[in-house]
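Each chain, letter by letter, is given below.
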Amino acid sequence: MDDKTSVDGSCHCEAIKFKARVDVSRAVLCHCRDCQIMSGGPYRVILQTSEQDFQLVQGKPKQYIKLADSGNRRELAFCEVCSTQLYATSVVEDVPEGERLLGLRVGVLSQAAELRPRAQVWCKSRVSWCSDLSALHELDRQ
Ligand SMILES: [Zn+2]
Ligand SMILES: [Zn+2]
C-alpha cells in the first residue's frame, strides 16, 4: 500500500507549476538562519520528496547554489520572474540527477494549510516570540 499523498504547487506568478507525491507526516518546521533570510519570515515549513516523485508541469526553475554550514553545496530552485522559492536539493556533483531528495517549500503548495509539521528543527536560532503567537493581537485581515 502506497501511503503517499499527491500535492501540487505554483510560484506566485504561476510561470512554474509542479506536482509531487509526498509522505505528509514528514513536514518539518525549520528555524535555521538561512530559512529566515531566504523566506523573509521567522521560519519555514519544508516537506521532503524525491525527484522520482516530483514532476514539473510548467516552466523551469532557476538555481542558486548555497554553501551550507556543513560544507555541502545546496541547490535552491526558485522562479526567476517572481522570486518564489520552490525547493532545495543536492547538487548533481554530489548526488546523481534523478536520485536526489527535494525539500519542498510547503508555502507554495495548494495543500499548505493541511500540512502540519511533525517537528521543529534548528531551534537554537528560533526567534523568541514565535513560540507563542497567541500573545499577539489578532485581526482577521490587515
Ligand atoms: Zn513565478
Ligand atoms: Zn532551514
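It should be emphasised that the depicted structure is a prediction, and the values quoted were computed from it without experimental measurement.

1. Here's the deal with the sheet that holds strand β7 (residues 73–78)
If you trace the 7 strands from one edge of the open sheet to the other, you get β6-β7-β8-β9-β4-β3-β10, paired in mixed fashion. Here the strands that pair on one side only, and so sit at the sheet edges, are β6 (62–67) and β10 (119–121). Ignoring strand direction, the axes of neighbouring strands in this sheet form an average angle of 30°. Relative to β7, β6 runs antiparallel, the two sharing 6 bridges. When the sheet's bridge partners are listed, Tyr64 is paired in β7 with Leu76.

2. Examining unusual backbone geometry
Even without being a glycine, Ser83 presents a positive backbone phi close to 70°. Tracing the backbone through its elements, the reader meets Ser83 in the loop between β7 and β8 (85–90).

3. Some words on the pairing of strand β2 (residues 17–22)
Both faces of the sheet carry side chains from a regular strand, because those side chains alternate between them. Every second residue of β2 is oriented toward a common face, the buried set being Phe18, Ala20 and Val22 and the non-buried set Lys17, Lys19 and Arg21. When strand β1 (residues 5–10) meets β2, the two strands line up antiparallel, connected through 6 bridges. Opposite Gly9, over in β2, you have Phe18 as the bridge partner.

4. With respect to the pairing of β7
Linkage of β6 to β7, two consecutive antiparallel strands, is achieved through a turn of 5 residues, within which Gly71 is found at a positive phi near 95°. The sheet contact formed by β7 and β8 spans 5 bridges and is antiparallel. In the sheet register, Arg74 faces β8, and the bridge partner there is Ser90. Linking two consecutive strands that pair antiparallel, namely β7 and β8, is a turn of 6 residues; a positive phi of about 70° is found at Ser83 within it.

The rules behind each value
Residues take numbers from 1 onward in each chain, read along the sequence in its written order. Naming scheme: in the order in which they are written, chains are lettered from A and ligands are numbered from 1. Residue-level local features of this predicted model are given only where pLDDT is at least 70; pairs of side-chain atoms are given and counted only at 80 or more, and the full residue set underlies all totals for whole chains, interfaces and linings. When DSSP finds at least two bridges between two strands, those strands are taken to pair. Numbered from the N terminus, helices here are DSSP runs of H or I no shorter than four residues, and strands are runs of E no shorter than two. Axes here refer to lines fitted to C-alpha atoms; in helices the fit is confined to the stretch in contact. Angles between the N-to-C directions go from 0 to 180 degrees. The exposure label follows from counting other C-beta atoms within 10 Å of a residue's C-beta, where the C-beta atoms are placed from the backbone and the thresholds are 20 or more for buried and 12 or fewer for exposed, leaving partly exposed in between.

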